[in-house]
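# Results of the structural survey
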Amino acid sequence: MSRALTVLEPAARRVRGEGFTGWLRGPAEAPGTVVVIPGLDSAKEEFLDLVSALLARGVAVFAMDGSGQGVLATTMAFVPDYEQVVSWVIDALGVARIGLVGLSLGGYFAARAAALESRGAAVATVSGPFRLDWEELPQPVRDIMAQRTGGADAAREFVRHLDLAALAPRIAAPLLVVDGSQDVIPSVTNGEPLARLAPRGSYLSVPHGDHLLGNARPDWLPHLSDHLTRTLTGALV
């Protein structure tokens, strides 16, 4: 992907720092920049439809891998304070208007960062957990969690603290929470409390949507892209 981007988009820029790496795409003078945060077993290259929808609306996009994700999965473990990684990203990008969108476990990371890092002006989650229960997680998910966190004990401890109940009221930015009602991963179709507890939260549940709603993009992707763009730019889209 890196070679293709540099050929097709000469303005695309690799940005990396402590605990993250990614590609910044879009206009140099964009009115806002959206940071795309992947989940447990995903990477920055996977969400091209989302990135394309945002770029088409005139904002810049930084698709990233954080600690334990994508190309960093084999060299770094997840960090419980992911908001620190987001802070490093924002510092490195050096832009004024930042939006955050997180996919799957990245939804938790995005919401946590929005609660604890005040520079996020807009936030959205897709199939992101409000809280997780270790005993409910399928064994394959536990195994991947153990790989990403540094072992089974670390994974269990990580999940024990994964709860947004106390953090949701601290999310000051406009928040959109998107769920698919046909999501089969336990504890993921529970985003409504996050939207309800956040002061400026809204909730979109797609009845036929699966995990990450890849089977229902027309039912949520334009709405989410408009939410982030409108909030960052203050314009009608």
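Rules and cut-offs
Each chain carries its own residue numbering, running from 1 in the written order of its sequence. Reporting of local features is limited, given that this is a predicted model, to residues whose pLDDT is at least 70; pairs of side-chain atoms are given and counted only at 80 or more, and all residues count toward the totals for whole chains, interfaces and linings. The basis for every side-chain value is the complete set of non-hydrogen atoms in the structure, without hydrogens or water. Numbering of helices and strands runs from the N terminus, with a helix taken as a DSSP run of H or I at least four residues long and a strand as a DSSP run of E at least two residues long. Residues count as neighbours in contact if any of their non-hydrogen atoms are within 4.5 Å of one another. A pair of strands is considered paired only if DSSP assigns at least 2 bridges between the two. Only C-alpha atoms enter the line fits that serve as axes; for helices the fit covers just the stretch in contact. Angles between N-to-C directions range over 0 to 180 degrees. Any carboxyl oxygen of Asp or Glu within 4 Å of a side-chain nitrogen of Lys or Arg constitutes a salt bridge here. With a 1.4 Å probe rolled over the protein chains alone, any residue whose accessible area is under 20% of its type maximum counts as buried; one over 50% counts as exposed, and the rest are partly exposed. Only the six-membered ring of Trp is used, alongside the rings of Phe and Tyr, when aromatic pairs are assigned; centres must lie within 6.5 Å, and planes under 30 degrees apart are stacked while those over 60 apart are edge-to-face, with the rest tilted. The term nonpolar core refers to a set of buried residues drawn from Ala, Val, Leu, Ile, Met, Phe, Trp, Tyr and Cys, joined through side-chain atoms within 4.5 Å.

## A word on the environment of Leu 40
Structurally, Leu 40 is set in the loop between strand S3 (33–37) and helix H2 (48–56). Along the primary structure Leu 40 and Gly 209 are separated by 169 residues, whereas in three dimensions their C-alpha atoms are 19 Å apart. Contact partners of Leu 40, with chain neighbours within four places excluded, come to Phe 78, Leu 105, Val 141, Ile 144, Met 145 and Arg 148.

## Some thoughts on the sheet that holds strand S2 (residues 20–25)
Within the open sheet, the eight strands sit side by side as S1-S2-S4-S3-S5-S6-S7-S8. Their pairing is mixed. Strand pairing shows two members of the sheet lacking a second neighbour, strand S1 (13–17) and strand S8 (201–206), which therefore form its edges. Each adjacent strand pair in this sheet contributes to an overall mean axis angle of 20°, direction not counted. Against the sheet, H2 makes contact with S2, S3, strand S4 (60–66) and strand S5 (98–103), and its axis sits at roughly 155° relative to S4, the strand it touches most. Across the face of the sheet, helix H4 (residues 105–116) comes into contact with S3, S5 and strand S6 (120–126) while running at roughly 150° to S5.

## Brief notes about the pattern of salt bridges
For the coordinates displayed, the defined rule picks out 13 salt bridges. The residue Arg 57 makes a salt bridge to Asp 226 at a minimum N-O spacing of 2.6 Å. Separated by 169 residues along the polypeptide, Arg 57 in the loop between H2 and S4 and Asp 226 in helix H8 (residues 221–233) bring together distant segments of the chain. For Asp 226, a relative accessible area of 18% puts it in the buried group. Here Asp 91 makes a salt bridge to Arg 119, at a shortest N to O gap of 2.7 Å.

## Considering the environment of Val 61
Along the polypeptide, Val 61 turns up in strand S4. Residues Val 61 and Gly 32, 29 residues apart in the sequence, show an inter-C-alpha distance of 8.5 Å. In this view, Val 61 contacts Trp 23, Leu 24, Arg 25, Thr 33, Val 34, Val 36, Val 51, Leu 54 and Leu 55; residues no more than four positions away in its chain are not counted.

## Concerning the packing of aromatic side chains
Taken as a whole and assessed by the stated rule, the structure comprises six aromatic pairs. Ring centres 6.2 Å apart and planes at 80° place the aromatic pair Phe 20 and Phe 62 in the edge-to-face group. Linking Phe 20 in strand S2 with Phe 62 in strand S4, this pair joins segments that are 42 residues apart in sequence. Each member of the pair, Phe 20 as well as Phe 62, carries the same accessibility label: buried. A ring pair is formed by Tyr 82 and Phe 109, whose centres lie 4.0 Å apart and whose planes are at 10°; its orientation type is stacked. One end of the pair, Tyr 82, is in helix H3 (residues 82–93); the other, Phe 109, is in helix H4, with 27 residues separating them in the sequence. Among the aromatic residues, those joined into a cluster by ring pairs are Phe 78, Tyr 82, Tyr 108, Phe 109 and Phe 158.

## Section: the pairing of S5
Counting buried residues in S5 gives six out of six residues, a clear majority hidden from the surface. Residues Ile 98, Leu 100 and Gly 102 line one face of S5 and the alternating positions Gly 99, Val 101 and Leu 103 line the opposite face, and both faces are buried. As judged from the five bridges shared by S3 and S5, these two strands associate in the parallel manner. Looking at the pairing, Thr 33 lines up with Ile 98 of S5. As judged from the six bridges shared by S5 and S6, these two strands associate in the parallel manner. Opposite Leu 100, over in S6, you have Val 123 as the bridge partner.

## Digging into the nonpolar core
By size, the foremost hydrophobic cluster in this structure holds 47 residues, and its most contacted members are Val 35, Phe 62, Met 64, Leu 100, Met 145, Ile 171 and Leu 194. If you tally residues by element for this core, the top one is H4, at eight residues. The contact partners of Val 35, leaving out residues within four places of it in the chain, are Phe 62, Met 64, Val 89, Leu 93, Ile 98, Gly 99, Leu 100 and Val 101. Counting 25 residues, the second-largest nonpolar core is a separate cluster that includes Phe 47, Val 51, Leu 103 and Val 178.

These figures capture arrangement, not role.
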